[in-house]
Amino acid sequence: MDAHRSTLPLRFLCRSEWTSISVELILLIFWSAVVSIRKSLNFPSHLGDRVIGVSGFNGMAEECIIDHKTLWQIPEGVPLREAATLPVSYVTAILALEHRACTRPGETVLVTAAAGATGLAVIDVATNVLQAKVIAAAGSDEKCRLAMRKGAQSIVNYSQGSLKEAVRKLVGSDGVNVVIDAVGGDVFLEALRSLAWEGRIVVVGFAGGTIASVPANLLLLKNVSAMGLYWGRYKEQNFPIFSRILSSALQYCQQGRIQPHIGAVFKLEESRG
């Protein structure tokens, strides 16, 4: 979610020097606020630089406190709205595909909940950055069409039958190399059974509301790997990787290699409950 330019004043406090920076709120999405620096004291950027910050749950406010290391400069040519999509959806996608699954060019990636923010980011990164083939799975024809427009080579509506059988028809008995699953439950289990020899499945969420138990015999028989990805823990436990991947996302966007999807735009006052 993002917001139009607002007249609401915002005070942005940098924790490293407790420096007060007067800014105007430009965009806001969940954990991320995009700001434009107006005034600075000992801040390691030039006046007027556009930056994006990762501020936990405190961004939707007139004032917030943030560590300066969780600010990234937005490159020239990257629109503010697109920049606001990167820290959560695209960092999750890149971490899942590159860091966890080690996706290689030419491999086949199955992504569930493909029309969600993270799913669309996975399609974008897998197709346009990693040169992988993408099967997008979603719960309606409309969502499948959106995933296809964003670059998926094949689509599956898993509300109409078995995901495993639909994938088998597309790729044969060999299966897919990588699965990025955000649904859980039976969809996760069918996706797991769709993996090829030495395939990798990365769990990024449970949008379906059910957390499945992993049948360990499936991991053994095909030598597959099941792993998880929790975006926020990288920020706390391995910040260099988090920072590098967000910087990569900004670079990909500047180069035109990814094209974030903006589903809707809201005024700031409409975003407050």
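As recorded by an unreviewed UniProt entry, the protein chain carries the name Quinone oxidoreductase-like protein and is attributed to Lynx pardinus. Regarding the protein chain, the UniProt comment filed under Sequence similarities (unreviewed entry) reads as follows: "Belongs to the zinc-containing alcohol dehydrogenase family. Quinone oxidoreductase subfamily."

## A few points about the overall build of the protein chain
A count of helices and strands for the protein chain gives nine helices and twelve strands. Across the 273 residues that make up the protein chain, the buried fraction comes to 50%. Excluding contacts between residues fewer than 6 apart, the proportion of contacts in the protein chain whose partners are at least 24 apart in sequence is 63%.

## Structural notes on the sheet that holds strand E8 (residues 133-138)
Overall, parallel pairing links the six strands, which are arranged E9-E8-E7-E10-E11-E12 in an open sheet. Taken across any chain shown, the strands that pair with only one partner, and hence form the sheet edges, are strand E9 (154-157) and strand E12 (225-228). Taking each pair of neighbouring strands and ignoring which way they run, the sheet shows an average axis angle of 15°. Two elements, strand E11 (residues 195-203) and E12, share four bridges in a ladder whose sense is parallel.

## As for helix H9 (residues 239-255)
Taking 1.5 Å of rise per residue, 17 residues should cover 24 Å, and H9 covers 24 Å from first to last C-alpha, within 8% of that figure. All of the buried residues along H9 are Phe239, Ile241, Phe242, Ser243, Ile245, Leu246, Ser248, Ala249, Leu250, Tyr252 and Cys253. Buried residues along H9 sit against strand E4 (50-54), strand E6 (71-73), helix H1 (80-84), helix H2 (86-100) and helix H8 (231-237). Following H9 by one or two positions, glycine 256 has its phi on the positive side, about 80°.

## Here's the deal with the pattern of salt bridges
Evaluation of the coordinates by the stated rule reveals three salt bridges. For the salt bridge of arginine 200 with glutamate 107, the shortest nitrogen-to-oxygen distance reads 2.8 Å. With arginine 200 in strand E11 and glutamate 107 in the loop between H2 and strand E7 (108-111), this residue pair connects regions lying 93 residues apart in the sequence. Here arginine 200 falls in the buried class, since its relative accessible area comes to 10%. What makes glutamate 107 buried here is its relative accessible area of 7%. As a salt-bridge pair, lysine 235 and glutamate 236 come within 3.4 Å of each other at their nearest N and O atoms.

## Considering the packing of aromatic side chains
Inspection of the entire model under this criterion finds four aromatic pairs. Considering the side-chain rings of tryptophan 72 and phenylalanine 239, the 6.1 Å spacing of their centres and the 35° angle between planes classify their relative orientation as tilted. Taken as a pair, tryptophan 72 in strand E6 and phenylalanine 239 in helix H9 lie far apart in primary sequence, 167 residues in all. In this structure, lysine 69 packs its charged tip against the face of phenylalanine 239, placed 4.7 Å from the ring centre.

What counts as what
Every chain begins its residue count from 1, and numbering advances along the sequence as written. Side-chain atom pairs in this predicted model are given and counted only at pLDDT of 80 or more, local residue features only at pLDDT of at least 70, and totals for whole chains, interfaces and linings cover all residues. By convention in this description, side-chain values take in all heavy atoms of the structure and omit both hydrogens and water. UniProt positions are given in the numbering used here, feature names are shortened, and annotations may be inferred rather than shown by experiment. Helix and strand assignments follow DSSP, with helices taken as H or I runs no shorter than four residues and strands as E runs no shorter than two, numbered in order from the N terminus. Exposed residues in this analysis have more than 50% of their type's maximum accessible area, buried residues have under 20%, and partly exposed residues fall in between, with area computed by a 1.4 Å probe over protein chains only. Note on contacts: a residue pair is in contact if any heavy atoms of the two residues lie within 4.5 Å. A pair of strands is considered paired only if DSSP assigns at least 2 bridges between the two. All axes here are fitted lines through C-alpha atoms, helices being fitted over the stretch that makes contact, and every angle between N-to-C directions spans 0 to 180 degrees. Given the number of residues in a helix, its expected span is that number minus one, multiplied by 1.5 Å. Each salt bridge in this description consists of a side-chain nitrogen of Lys or Arg and a carboxyl oxygen of Asp or Glu lying within 4 Å of one another. Side-chain rings of Phe, Tyr and Trp, where Trp is taken by its six-membered ring, are said to pair if the distance between their centres is within 6.5 Å; with planes under 30 degrees apart they count as stacked, over 60 as edge-to-face, and otherwise as tilted. Counted as over-ring charges are cases with an Arg CZ or a Lys NZ within 6 Å of the ring centre that also lie within 35 degrees of the ring normal.

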